[in-house]
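Remarks on the overall topology
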Amino acid sequence: GPDDDVCTSPVYTLQGNTPASGTGKWTQDVSNPAGATFANITNPNTTVNGLAPGVYRFIWTITASATCPPSTSTVKITIDAPPVGGTTAGIATVCSGDNNGQIALSGQVGTVKEWQSSTDGVNYFPLASAGTGTTMTYTQLTQTTFYRAVVTNGTVCPDVFSTPTKITVNPTTPLANAGPDQGICNQNYADMVGNDPGPLFSGVWTQTLGPAVTIVNPNDPHTRITGLTRGSAYTFKWTIIGLAPCGNTEDLVNISATSDVIPSFTMDQNHNCGNLTVNFTNTSTPSPTGTFVWDFGDGSPVVTAVNPPPHTF
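Remember, it's a predicted structure, so these values are computed and weren't measured experimentally.

For the structure shown, the criterion picks out two disulfides. Through a disulfide, cysteine 7 is tied to cysteine 157; the S-S separation comes to 1.9 Å. Across the disulfide from cysteine 7 to cysteine 157, rotation about the S-S bond amounts to roughly 110°, and the bridge is consequently right-handed. In this pair, cysteine 7 is assigned in strand β1 (residues 4-7) and cysteine 157 in the loop between β14 (145-152) and β15 (160-161), connecting sequence segments 150 residues apart. Judged by relative accessible area, cysteine 7 falls into the partly exposed class, the value being 25%. Note on cysteine 157: relative accessible area 5%, which makes it buried. Each sulfur of the disulfide joining cysteine 95 and cysteine 246 lies 2.1 Å from the other. Judged by the torsion about the S-S bond (115°), the cysteine 95/cysteine 246 disulfide is right-handed.

In structure tokens:
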């Protein structure tokens with residue numbers, strides 16, 4: 001009968017021809033794995049039991065008479081062991097666009113026919129670039145991806161899959177924006193204008209400079225900060241927390257708190273007969289700083305100075 005290749009069958013039916021004359025007999029090649037037995041060695045279509053994965057050669061011999069030489073034929077039966085998919089390892093959580101790693105296969109029976117990937121864990125597609133080794137490398141993933149190996153053994157047993165390994169890809173952290181620097185006048189609070197981190201992320205305000213204040217809701221990008229002291233400078237940091245292993249992003253905003261200037265002055269005299277020269281002294285609060293404009297009320301040009309020169313009326 002013809003050579004044959006079967007998958008993990010302990011029993012096989014031989015296909016010898018029926019003798020036209022004489023008798024036939026089955027025997028085994030000495031190289032056969034141990035354990036195989038014939039149900040009936042004279043039946044051309046006998047069954048062979050006790051087969052294990054390996055290569056068997058069975059010899060069918062027909063003897064017609066004592067004077068004629070016997071006729072023999074050998075058939076090769078290959079019993080393939082079914083493949084075992086094995087287990088993949090290398091599960092990881094990575095940051096989108098900035099990652100690399102390796103998936104390793106172990107415990108398989110057979111060889112790797114190909115690697116496959118999937119973004120939903122259901123529909124897999126071949127990865128020609130991954131090769132046929134027991135490890136494969138991924139890099140720069142931008143979405144969560146599953147990987148598995150296809151394992152084959154022999155020519156007739158169906159291919160099987162390994163267990164899958166999931167690589168979870170977290171999105172990159174949005175860039176933090178704490179908003180423009182602020183200058184506030186004559187008030188003890190400021191409203192922040194940080195950017196919204198979005199539904200996947202969270203943010204937090206912290207103070208890095210200035211006297212202690214109260215951050216009403218540290219996780220609100222538009223929180224109010226109270227307790228500012230006039231005349232002080234402050235710096236606050238807006239941090240958007242990344243999904244591990246992605247890092248955080250942060251940005252700083254400066255706030256200066258000042259008070260209104262209350263203008264006032266004194267003069268050394270205010271009454272005379274004829275021309276009157278007056279010396280004016282700036283007594284504005286807080287102590288004179290900034291720009292002051294003097295109007296003397298007599299039609300003369302205004303003067304810009306902290307303290308004007310003596311003025312004659």
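On to the pattern of salt bridges. Where charged atoms from two side chains of opposite charge approach closely, those side chains can pair. Under the definition given, this model contains three salt bridges. In this structure, the salt-bridge partner of lysine 113 is aspartate 159, at a minimum N-O distance of 2.8 Å. Note that lysine 113 is positioned in strand β11 (residues 111-118) and aspartate 159 in the loop between β14 and β15, a separation of 46 residues in sequence. Classification of aspartate 159 as partly exposed rests on a relative accessible area of 31%. For aspartate 191, the salt bridge identified is with arginine 224, shortest N-O distance 2.7 Å.

Another point: the nonpolar core. Grouped together as the largest cluster of nonpolar side chains are 18 residues, with contacts concentrated most on Met192, Trp205, Ile225, Leu228, Tyr234, Phe236 and Ile255. For this core, the secondary-structure elements that each account for two or more residues are β22 (232-241) and β23 (249-258). Looking at this core element by element, the count peaks at four residues for β22. In this structure tryptophan 205 touches Ala178, Met192, Gly194, Ile215, Pro218, Asp220, Pro221, Thr223, Phe236, Lys237, Trp238 and Val253, once residues within four positions along its chain are discounted. Val48, Leu51, Trp60 and Ile79 belong to the second largest nonpolar core, which has 15 residues in total.

The next point concerns the sheet that holds β1. Read from one edge to the other, the open sheet built from four strands follows the order β1-β7-β6-β3, with strand pairing classed as mixed. The sheet is open, and its two borders are formed by β1 and β3 (23-28), each paired with just one other strand. Adjacent strand axes in the sheet meet at a mean angle of 25° when their direction is disregarded. The sheet contact formed by β3 and strand β6 (residues 54-63) spans six bridges and is antiparallel. Residue pairing across strands places glutamine 28 opposite phenylalanine 58, the latter belonging to β6.

Moving on, we get to the packing of aromatic side chains. Summed over all chains, the structure comprises 12 aromatic pairs. Taken together, a centroid distance of 5.6 Å and an interplanar angle of 70° make the contact between phenylalanine 265 and phenylalanine 280 edge-to-face. Taken as a pair, phenylalanine 265 in strand β24 (residues 265-267) and phenylalanine 280 in strand β26 (residues 280-282) lie far apart in primary sequence, 15 residues in all. Relative to phenylalanine 313, the ring of phenylalanine 280 lies with its centre 6.5 Å away and its plane at 65°, an arrangement referred to as edge-to-face. Remark: phenylalanine 313 occurs in the segment after β29 (311-312) and phenylalanine 280 occurs in strand β26; sequence separation between them is 33 residues. In this structure phenylalanine 313 comes out as partly exposed when scored by relative accessible area, which is 36%. Through a chain of ring-to-ring contacts, three or more aromatic side chains come together here, namely Trp26, Phe38, Tyr56, Phe58 and Trp60. We note arginine 148 situated over the ring of tyrosine 124; from NZ or CZ to the ring centre the distance is 3.8 Å.

Criteria and cut-off values
Residues numbered from 1 in each chain as written. Predicted model: local features only at pLDDT ≥ 70, side-chain atom pairs only at ≥ 80, totals over all residues. Heavy atoms only, no water. Disulfide = S-S within 2.5 Å. Helix = DSSP H or I, 4+ residues; strand = E, 2+ residues; numbered from the N terminus. Buried < 20%, exposed > 50% of the residue type's maximum accessible area, 1.4 Å probe, protein only. Salt bridge = Lys/Arg side-chain N within 4 Å of Asp/Glu carboxyl O. Core = buried A, V, L, I, M, F, W, Y, C linked by side-chain atoms within 4.5 Å. Contact = heavy atoms within 4.5 Å. Pairing = 2+ DSSP bridges. Axes fitted to C-alpha atoms, helices over the stretch in contact; angles between N-to-C directions. Phe/Tyr/Trp six-rings, centres within 6.5 Å; stacked < 30°, edge-to-face > 60°. Lys NZ or Arg CZ within 6 Å of the ring centre and 35° of its normal.

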